[in-house]
Amino acid sequence: MEYIHFAFTAFYQFGDAFAFLVLSAMGLAVIFGMMGIINLAHGEFIMCGAYVTVATARLGVPLPIAMLCGSLAAGVLGMVLERTIIHRLYHRPLDSIVATWGISLILTQGTLIVLGSSMAGISTPLGSFSVGNYSYSTYRMVLLGVAVLVLIGLYLLFHHTTFGIHSRATIQAPHMAKAAGIDTGRMYSLTFGLGAALAGLAGALYAPTISIVPTLGANFLVESFVTVVVGGADVFLGTAPAAATLAVIKAFLTGWQGQLMGQVGLLITVMVVIRILPQGLSGWLLKGRT
Amino acid sequence: MTTNSTNLLSVEGVISGYGTTSVLQEVSLSVGRGEVVAVIGRNGVGKTTLMKTLIGLIKNRQGIIRFDGKDISALESHERARLGIGYIPQGREVFSRMTVWENLKVGEMLQQPGEGVDYERVYEFFPILKERANQRAGTFSGGQQQQLAIGRAMVGKPKLMLLDEPSEGIQPNIVKDISRNILKLNRELGVTILLVEQNLDMIMTMAQRCYVMDKGKITHELANEQLRDRDAMRRILAV
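From a predicted model like this one, the values you see are computed outputs, not experimental measurements. (Residues numbered from 1 in each chain as written. Chains lettered and ligands numbered in written order. Predicted model: local features only at pLDDT ≥ 70, side-chain atom pairs only at ≥ 80, totals over all residues.)

*Asks:* I would appreciate a short explanation of the overall build of chain B in the present structure.
*Replies:* Across its full length, chain B holds 10 helices and 10 strands. Since a compact globule built from 239 residues should have a radius of gyration of about 18 Å, the 17 Å found for chain B is in line with a globular shape. Its C-alpha atoms put chain B at 45 × 40 × 35 Å along the principal axes. By sequence separation, contacts in chain B at least 24 residues apart represent 71% of the contacts at least 6 residues apart. (Helix = DSSP H or I, 4+ residues; strand = E, 2+ residues; numbered from the N terminus. Rg over C-alpha atoms; globule rule 2.2 N^0.38 Å. Contact = placed C-beta atoms within 7 Å.)

Right, dumping it as structure tokens:
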């Protein structure tokens with residue numbers, strides 16, 4: 001029995017870390033992988049998702065629907081920013097970093113001015129369950145399920161829908177896609193919106209577990225950037241395996257030496273990966289393929 | 001150069017190029033409905049620039065490009081394509097990390113309202129595209145990729161097909177195959193063809209009429225009879 005309890009604890013730690021890495025990185029990975037934009041406003045899309053979720057939930061809207069609203073709000077915000085600012089910077093990657101950083105500062109400080117330094121939160125739903133002598137949060141396990149569903153959903157979206165085929169054609173050969181009749185500007189706009197909505201979903205899902213402050217996006221930034229850097233540009237061949245690998249490292253180090261060492265481990269991993277595999281896991285997996 | 005209502009495509013005094021340099025210097029030509037017209041010329045005379053200007057990947061600085069009676073110079077590439085222009089670029093440019101079927105699926109964007117798509121004919125012409133529907137396009141040989149690029153432009157039943165050096169880097173027997181299929185497409189479905197080519201055999205088997213291009217200008221126009229005279233063609237190409 002001891003072993004089973006230990007195995008379950010390890011699985012729980014891994015699942016918790018995996019869900020967090022996948023959910024916080026997905027939006028960043030879609031925007032970087034599909035459009036080559038390094039979006040420093042990623043944390044603010046997460047913040048937007050969390051705020052809208054909490055605000056609607058406190059109005060009495062059922063939590064799952066409130067979360068959907070949070071995600072959609074971030075998606076709409078993303079599309080508006082893409083149409084007004086980001087689309088001018090597609091061939092200027094460095095400028096896009098500065099611009100998205102600026103957007104990030106404006107959104108954080110704007111929220112602080114308008115809504116104040118914090119907002120009353122909502123409590124974590126679903127309670128807990130116990131295995132052996134330990135009790136675990138049910139909600140964390142739900143998040144693992146949601147992370148897996150998001151991965152499956154995105155796979156289906158990109159590989160089995162017309163939108164997916166057109167967006168992949170657009171990243172692979174933008175000029176040819178355009179000459180073949182695809183409105184590539186619209187594809188970029190929708191893809192950016194999707195990335196922002198996924199970031200918003202991360203904020204929405206974790207909103208009940210964190211304090212609602214304007215800088216809450218920062219809690220997700222390290223994990224999301226580390227995952228995307230380790231994974232490289234491909235959402236499926238990169239982000240998912242990177243999140244799994246990093247989750248093992250993080251869960252092990254956190255269990256052994258505590259939260260801080262977990263973070264340190266992630267950062268050391270990313271440094272080693274940049275040295276050995278500059279294109280990330282997906283660059284390595286796709287090497288030799290055209 | 002005559003312009004009349006039977007022309008599907010007419011180009012009048014078009015100037016275009018990259019940056020500040022003009023590659024095309026007042027090019028004018030016309031292609032009638034159901035015609036197969038070739039533009040011939042040596043490397044670097046602006047043939048590919050002409051094709052890119054027609055589909056809108058390069059905007060013309062001056063002149064008019066009329067398709068189906070309407071000036072399309074101001075339209076974006078994807079808007080021009082959706083009017084029914086299938087573009088088969090130099091070097092094929094298939095979406096290499098996508099499957100053959102997914103590549104064809106992109107071609108559906110060209111379909112006209114009420115016209116639908118035609119996979120039957122694509123598979124009849126190029127059976128390999130059906131047999132290997134789930135293979136990644138990047139694993140195809142040059143000739144197979146060319147068939148895919150043509151199939152992709154055919155799916156949506158275009159009115160006009162622009163072919164940029166379809167014979168480049170492809171085995172002679174496949175070139176024959178491709179020529180035969182394009183001619184069949186023209187005869188049976190009335191698809192208008194404008195191709196740019198250096199391969200004399202391909203032009204002589206396919207084209208009904210031919211423009212000769214040099215230094216960004218159209219220098220000669222050859223009627224059908226002149227196209228049959230191999231020696232005369234050689235002389236002109238050696239200019």
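We are not done yet, so read on.
*Asks:* I tried to follow the environment of Ala207(A) on my own but got confused; where do I start?
*Replies:* Residue and element names in this part refer to chain A. In this structure, Ala207 sits in the loop between helix H8 (184-206) and helix H9 (218-231). Considered as a pair, Ala207 and Val54 are 153 residues apart in the sequence and their alpha carbons are 6.9 Å apart. When near neighbours in sequence (up to four residues on either side) are disregarded, Ala207 contacts Ala50, Thr53, Val54, Ile122 and Ile212.

*Asks:* Got a minute to help me understand the interface of chain A and chain B in this structure?
*Replies:* The figure often quoted for interface size is the accessible area lost as the parts come together. Chain A puts 16 residues into the contact, and the matching count from chain B is 21 residues. Within the residue set of the side of chain A that touches chain B, elements represented by two or more residues are helix H6 (162-172) and helix H7 (174-179) of chain A. By residue number, the principal contributor to the side of chain A that touches chain B is H6(A), which donates five residues.

*Asks:* Can you help me understand the sheet that holds strand S4 (residues 62-67) of chain B in this one?
*Replies:* Think of a sheet as strands paired side by side through backbone hydrogen bonds, with each pair either parallel or antiparallel. Residues and elements named next belong to chain B. Strand order across the open sheet formed by four strands is S2-S1-S4-S5, with antiparallel pairing between neighbours. Of all the strands in the sheet, just strand S2 (24-32) and strand S5 (70-71) have a single pairing partner and so form its edges. In the sheet, S4 pairs with S5 via two bridges, with the strands oriented antiparallel. Its bridge partner lying in S5, Phe67 is registered against Lys70. Contacts between helix H1 (residues 47-55) and the sheet are confined to strand S1 (7-16), S2 and S4, with S2 contributing the most and set at about 65° to the helix. (Pairing = 2+ DSSP bridges. Axes fitted to C-alpha atoms, helices over the stretch in contact; angles between N-to-C directions.)

*Asks:* How should the nonpolar core be read in this particular structure?
*Replies:* Grouped burial of nonpolar side chains is what soluble globular proteins tend to show. Judged by nonpolar contacts, the single largest core of 149 residues is most densely connected at Val22(A), Ala50(A), Leu162(B) and Cys210(B). For this core, the leading source of residues is helix H1 (residues 2-35) of chain A, giving 16 residues. If we skip the residues at most four places from it in the chain, Cys210(B) touches Val37(B), Ala38(B), Ile40(B), Ile203(B), Leu222(B) and Leu227(B). (Core = buried A, V, L, I, M, F, W, Y, C linked by C-beta atoms within 7 Å. Buried ≥ 20, exposed ≤ 12 C-beta atoms within 10 Å, placed from the backbone.)

*Asks:* Would you explain the sheet that holds strand S3 (residues 36-40) of chain B in this entry?
*Replies:* Residues and elements named next belong to chain B. Taken in spatial order, the six strands of this open sheet run S6-S7-S8-S3-S9-S10, and their pairing is mixed. Of all the strands in the sheet, just strand S6 (85-88) and strand S10 (217-222) have a single pairing partner and so form its edges. This sheet shows a mean twist of 20° between the axes of neighbouring strands, independent of strand direction. Direction of pairing for S3 relative to strand S9 (residues 209-214): parallel, over a ladder of four bridges. By the bridge assignment for S9, Val39 is matched with Tyr211. Those strands touched by helix H6 (residues 142-154) are S6 and strand S7 (160-164), and its axis lies near 170° from that of S6.

*Asks:* I tried to follow the environment of Met51(B) on my own but got confused; where do I start?
*Replies:* Residues and elements named next belong to chain B. Within the fold, Met51 resides in helix H1. Classification of Met51 as buried rests on a count of 24 C-beta atoms within 10 Å. Measuring from C-alpha to C-alpha, the distance between Met51 and Pro113 comes to 25 Å, with 62 residues separating the pair along the chain. If we skip the residues at most four places from it in the chain, Met51 touches Leu162, Asp164 and Val196.

*Asks:* Would you mind going over the pairing of strand S1 (residues 128-131) of chain A with me for this structure?
*Replies:* Within a regular strand, side chains alternate between the sheet's two faces. Residues and elements named next belong to chain A. For S1 and strand S2 (residues 134-137), the ladder comprises four bridges, and the chain directions are antiparallel. Counted as the bridge partner of Ser128 is Ser137 from S2. Two successive antiparallel strands, S1 and S2, enclose a turn made up of two residues, where Gly132 displays a positive phi of approximately 65°.

*Asks:* It is not clear to me how unusual backbone geometry should be interpreted in this structure. Could you clarify?
*Replies:* Of all residues except glycine, most have a negative phi; of all peptide bonds, most are trans. Residues and elements named next belong to chain B. Although it is not a glycine, Arg92 adopts a positive phi angle of roughly 70°. Since 26 C-beta atoms lie within 10 Å of it, Arg92 is described here as buried. Backbone geometry places Glu165, a non-glycine residue, at a positive phi of 45°. Structurally, the position occupied by Glu165 is in the loop between S7 and helix H7 (172-189). Given 23 C-beta atoms within a 10 Å radius, Glu165 is considered buried.

*Asks:* Before we go on, may I ask you to explain the packing of helix H2 (residues 42-58) of chain A against helix H3 (residues 63-84) of chain A in this structure?
*Replies:* Any two packed helices are characterised by how steeply their axes cross, that is the angle between the axes, and by the distance between the axes. Residues and elements named next belong to chain A. In the contact formed by H2 and H3, the axes pass within 7 Å of each other and the chain directions differ by 140°. The angle between H2 and H3 falls in the class oblique. Remark: the crossing between H2 and H3 carries right-handed chirality. The segment H2 lies against H3, with Phe45, Cys48, Gly49, Ala50, Val52, Thr53, Thr56 and Ala57 engaging Leu63, Ala66, Met67, Cys69, Gly70, Ser71, Ala73, Ala74, Leu77 and Gly78. In the contact of H2 with H3, the residues fall into 12 nonpolar, six polar and no charged. (Parallel < 35°, antiparallel > 145°, perpendicular 65-115°, else oblique. Left-handed = near helix turned anticlockwise from the far one by under 90°. Nonpolar A, V, L, I, M, F, W, Y, C, P; charged D, E, K, R; others polar.)

*Asks:* Sorry if this is basic, but what is going on with the UniProt feature "transmembrane region" (unreviewed entry) in chain A here?
*Replies:* Residues and elements named next belong to chain A. The positions UniProt marks with the feature "transmembrane region" (unreviewed entry) are residues 18-41, 61-81, 93-119, 139-158, 188-213, 225-248 and 260-277. As annotated, residues 61-81 has a helix share of 90% and a strand share of 0%, and its two end C-alpha atoms lie 27 Å apart. Annotated as residues 225-248, this span is 88% helix and 0% strand, and its ends, taken at the C-alpha atoms, are 17 Å apart. (UniProt positions renumbered as here; feature names shortened; annotations may be inferred.)

*Asks:* Hey, could you run me through H3(A) in this one?
*Replies:* In an α-helix, one turn spans 3.6 residues, which is why side chains three or four residues apart end up on the same side. Residue and element names in this part refer to chain A. The end-to-end C-alpha distance of H3 is 32 Å, a good match for the 32 Å that 22 residues give at a rise of 1.5 Å each. Listing the buried residues of H3 in full gives Ala66, Met67, Gly70, Ser71, Ala73, Ala74, Gly75, Leu77, Gly78, Leu81 and Glu82. Elements that come into contact with the buried residues of H3 comprise H2, helix H4 (93-115) and H8. (Expected span 1.5 Å × (residues − 1).)

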